Amino acid sequence: MRWLPQLIPGILLACAGVSATAGAQEPMVPLPPSFEGKVVVRDAAGNYVPLARPAAPSVPASPPMPIGGDIYLQDGSETSLAINFDGANNLVGVYNEHWDFNPDIPQSNSTDGNVSWTSRSLPNGGGTFTGPPFDPWTHPGNAAGEFFSTEIRRDSGSSGNSHTVVSHSTDGGISFSLFFEEVKAVSQDREMSDVDRTSARGGGAGTTHDGKVYLTYDDFGAGHTGYVGSFLQVIDTAGNPVIELQTSGTGSPPFRGSQMQPVAGVTDGTVYLQAAALSLSPPVGATRIAEFHVITNGGAGPNTFMQSSMSWAAAGQQLGATTYWGLNGFRIDSHGYLALDRSSGPRRGSLYFISNRNPNPANTALDQGDVYLSVSTDGAMTWTTAAIPTATGKSQYFPMLDVDGQGAMHVAYYQNEDGVLNASTANVYYTNSTDGGTTWTTPVQVNAAGNALNLDNPPPDRASTGYYLIGDYAQLRATGTGDATKVYVLWSGYDRTRPGTMVGNTPDRVLCTTVAQTECLADADCDDANACTADACNLGTCTHHPTVCDDGVQCTVDACDPAAGCVHAVPTGRVGAGCLLDVAVASASCIRERIPAGVLGKFTRAKALIEKTTLIGNPSKQARLVRGARSALKKAVKLIGKAMRKGKISVACGGALSNAAGEARARL
């Protein structure tokens, strides 16, 4: 048994041109709002204005058929995925919907392991909202069939404010109810959440904080006047606010990064916060910074801010004079993603941070991006970093990471395939590591060729418009153990040739692809050393169907020998004499030949006489019948020789017919 890709020689984790220090205080500023280009763009005066989404047709078209296992969920982009702890086939996907549905259906659930999906609505919350929700996120709760999902809704008035809505499902994602709403008269952005795990779900001993939800979000002030700070809201199991911490600000507290991702730890009440920032070194945005904070006792502390920091060169290119960096003229996710090993294995508690970095920032001739993994075994105090082996000469971006219940790491990412500036084609790739990142399997493309991303030609300058293409969120999740391990990659496809005139044909669509542990890569991998089975590799699973040994000759006894394969026995003695003739006519030497009618006639005459000998008990009559049959066969041999000399039948066929006739005469 093996994973779909093949193992490559191991690499040692080592620092690779990046910094990773404890308590670093490099001057830095917040990232620009993540929603620009998703739900708002700037007008000519630089003001934010809503981005109009097309209204759904009154009679939606049927979704297209999936191609190569890429299962279509809905039109849209940005993806977040969760799996039911007690049901490996029960999935919830949340995304940024393309159409302005009413009610909004920015999430779907599957109960058959990515065979089919059903769109589900998001609760409105207590306010009045307009447009589709944005910034999708989801994760399972601790109970069977329990899911949480979060998105942000924009105020329908002119305030420019928004609310974070946390919804809750207890029926496997079939329905969602309002769990919590962050009600503040401010513009909220980039929310994410996690749940404090029970010990059975990989959390720590103790139950004081089990089930609490850790919600993070950025505050951009009333009417979106500018960054105010980042917050951690702790919510109890009944949906009530417990404590809210301002984790970052512009004064007191000081700026400690924004766009924070919470990851519940393996100690009850502990949550790690991974924050993003930009270096002030010009040009602002060229250097990305990750900050790591540790919150304990469900937010009550003691809390450690700026536990460690790391920085790197932003992947891609600067978009105009902005602080956005991207590919093809569109911004790409650049804040990184944090995951934790909650398994009972030797690496339990290890933190893994995946990021997208520019290996050669001085070269502006190419779009450049590589995928890097950073590992901490001491609670985010120190890190070791190395690039994950990927194709050289091509840009990788939007990396996704999950650590499964066995402690194995799963990674997917987009890859710009052309290897040149602003390539038009990208695909999705997958790799994994079962030894903490020391070795990785050879990356394989997981999307079907028909779903390759066909990207827009880059505009000359995106400074006065939106930058959004695929989005800020992309996720995969793994489930199962051993041979039953499955990985679901939820990703955003894009095809600029789709017109967007009806549901199902917009340029951006949400797709889910299953990657499963496999027995085989080719039919040869499935050889069971049994000649009586037809061995094949079908989507990574070996099949061994019994070999059909029917030779089409009624008189033979068909059987299969495990060593020799199909055998077709001819009855012995006089009974089988006529059968020899049928076998010769049906043989490979003669099957495509036109045997002279005279030869077939003599064979038919001989078989009829031989059959009569088995029905008559009188010896003298049997003898006459045998003489007649022998005479017919003798004449048949002469006709066969004549046909060969004239080229009417091949030597191979003539030889097979003559030999059969001779052996039949010998049996009479």
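Note that this is a predicted model, so its numbers are computed, not measured. (Residues numbered from 1 in each chain as written. Predicted model: local features only at pLDDT ≥ 70, side-chain atom pairs only at ≥ 80, totals over all residues. Heavy atoms only, no water.)

Tell me what's going on with the packing of helix α1 (residues 577–585) against helix α2 (residues 597–613), and back it up with residues and numbers.
A pair of packed helices can be characterised by two numbers: the angle between their axes and the separation between those axes. Closest axis-to-axis distance for the α1/α2 pair is 8 Å, and the angle between their directions is 155 degrees. It follows from the interaxial angle that α1 and α2 lie roughly antiparallel. When you trace α1 past α2, the crossing you get is left-handed. Contacts between α1 and α2 involve Ala 577, Gly 578, Leu 581, Asp 582 and Val 585 on the former and, on the latter, Leu 600, Phe 603, Ala 606, Lys 607 and Ile 610. Class assignment of the residues belonging to the contact of α1 with α2 gives a composition of seven nonpolar, one polar and two charged. (Axes fitted to C-alpha atoms, helices over the stretch in contact; angles between N-to-C directions. Helix = DSSP H or I, 4+ residues; strand = E, 2+ residues; numbered from the N terminus. Parallel < 35°, antiparallel > 145°, perpendicular 65-115°, else oblique. Left-handed = near helix turned anticlockwise from the far one by under 90°. Contact = heavy atoms within 4.5 Å. Nonpolar A, V, L, I, M, F, W, Y, C, P; charged D, E, K, R; others polar.)

Give a detailed account of the state of the cysteines, specifying residues and quantitative values.
Put plainly, a disulfide is one covalent bond tying together the sulfur atoms of two cysteines. Scanning all chains against the criterion turns up five disulfides. Cys 549 shares a disulfide with Cys 566; S-S distance 2.0 Å. The S-S bond linking Cys 549 to Cys 566 shows a torsion near -75 degrees; that makes this disulfide left-handed. Of this pair, Cys 549 sits in the loop between β37 (541–546) and β38 (557–561) while Cys 566 sits in strand β39 (residues 565–569), placing them 17 residues apart in sequence. On the accessibility criterion, Cys 549 (10% relative accessible area) is buried. Each sulfur in the disulfide pair Cys 555 and Cys 579 lies 2.0 Å from the other. Here the disulfide of Cys 555 and Cys 579 is right-handed, its torsion about the S-S bond being about 85 degrees. Note that Cys 555 is positioned in the loop between β37 and β38 and Cys 579 in helix α1, a separation of 24 residues in sequence. Among the residues examined, Cys 555 registers a relative accessible area of 26% and is labelled partly exposed. By relative accessible area, which is 3% here, Cys 579 ends up buried. (Disulfide = S-S within 2.5 Å. Buried < 20%, exposed > 50% of the residue type's maximum accessible area, 1.4 Å probe, protein only.)

So, the packing of aromatic side chains: which residues are in play, and what are the values?
Scanning the model with the defined rule gives 14 aromatic pairs in all. Between Phe 35 and Phe 134, the aromatic rings sit 5.8 Å apart at their centres with planes inclined by 70 degrees, giving edge-to-face as the arrangement. Within this pair, whereas Phe 35 is found in the loop between β2 (28–29) and β3 (40–42), its partner Phe 134 is found in strand β9 (residues 129–140), the two being separated by 99 residues in sequence. Phe 35 sits in the buried class, given a relative accessible area of 4%. An angle of 70 degrees between the planes, with centres 5.7 Å apart, marks the rings of Phe 398 and Tyr 414 as edge-to-face. (Phe/Tyr/Trp six-rings, centres within 6.5 Å; stacked < 30°, edge-to-face > 60°.)

Requested: an account of the side chain of Glu 146, with residues and values cited.
Tracing the sequence through the fold places Glu 146 in the loop between β9 and β10 (147–155). No salt bridge is formed by the buried Glu 146; the nearest opposite charge belongs to Arg 201, separated by 7.7 Å. Polar contacts involving the side chain of Glu 146 include one to the main-chain amide nitrogen of Asn 142, which spans 3.1 Å. (Lys, Arg positive; Asp, Glu negative; His and termini not counted. Salt bridge = Lys/Arg side-chain N within 4 Å of Asp/Glu carboxyl O. Polar contact = N/O pair within 3.5 Å; in protein donor to acceptor, adjacent residues only side chain to side chain.)

I'd love a proper account of α2, names of residues and values included.
Given a rise of 1.5 Å per residue, 17 residues ought to cover 24 Å, and the 25 Å separating the end C-alpha atoms of α2 matches this to within 8%. Buried residues of α2: Val 599, Phe 603, Ala 606, Leu 609, Ile 610 and Thr 613, and no others. Taken around the axis of α2, the buried residues stretch over an arc of 130 degrees, which confines them to a single face. Counted as exposed and oriented over 90 degrees from the buried face of α2: Ala 597 and Glu 611. Along its buried surface, α2 packs onto α1, α3 (619–645) and α4 (651–667). (Expected span 1.5 Å × (residues − 1). Arc of directions from axis to C-beta.)

How would you explain the environment of Thr 138 if you had to name every residue and give the values?
Relative to the elements of secondary structure, Thr 138 occurs in strand β9. When the C-alpha positions of Thr 138 and Ser 193 are compared, they lie 7.6 Å apart, and in sequence the two are 55 residues distant. If we skip the residues at most four places from it in the chain, Thr 138 touches Ser 80, Leu 81, Ala 82, Val 92, Val 94, Phe 148, Ser 149, Gln 475 and Arg 477.

Break down unusual backbone geometry for me, citing the residues and quoting the values.
Glycine aside, the phi torsion of most residues is negative, and most peptide linkages are trans. Looking along the chain, the bond that leaves Pro 282 and enters Pro 283 is cis, with omega of -10 degrees. Mapped onto the secondary structure, Pro 283 falls in the loop between β18 (271–279) and β19 (287–295). For the peptide bond that leads from Gly 301 to Pro 302, omega is 10 degrees, which places it in the cis range. A positive phi angle, close to 55 degrees, is found at Arg 190, a residue other than glycine. On the secondary structure map, Arg 190 appears in strand β13 (residues 188–195). A positive phi is found at Gln 259, a non-glycine position, where the angle reads about 50 degrees. Its place among the elements puts Gln 259 in strand β17 (residues 258–264). Residue Gln 259 is classed as buried on the basis of its relative accessible area, which comes to 4%.

Could you give an account of the nonpolar core, with specific residues and numbers?
One finds Tyr 397, Met 400, Tyr 414, Leu 453, Val 489 and Trp 491 to be the most contacted residues of the largest nonpolar core, which totals 32 residues. Where this core is concerned, the elements lending two or more residues are β28 (395–403), β29 (409–416), β30 (425–433), β33 (475–479), β34 (486–494) and β35 (508–516). With four residues, β34 is the largest single contributor of residues to this core. In contact with Met 400, not counting residues within four places along its chain, are Ile 354, His 410, Val 411, Ala 412, Tyr 414, Ala 474, Gln 475, Leu 476, Val 489, Leu 490 and Trp 491. Core analysis: the second largest hydrophobic core is formed by 25 residues, Cys 590, Ala 636, Ala 643 and Leu 657 among them. (Core = buried A, V, L, I, M, F, W, Y, C linked by side-chain atoms within 4.5 Å.)

Outline the sheet that holds strand β15 (residues 229–235), listing residues and values.
Neighbouring strands of a sheet are bound in pairs by backbone hydrogen bonds; such pairs are parallel or else antiparallel. If you walk across this open sheet you meet the four strands as β13-β14-β15-β16, and the pairing is antiparallel. Looking at the sheet topology across the chains shown, the edges are occupied by β13 and β16 (241–249). Mean inter-strand twist for the sheet, computed between neighbouring axes without regard to direction, equals 20 degrees. Two elements, β15 and β16, share seven bridges in a ladder whose sense is antiparallel. (Pairing = 2+ DSSP bridges.)

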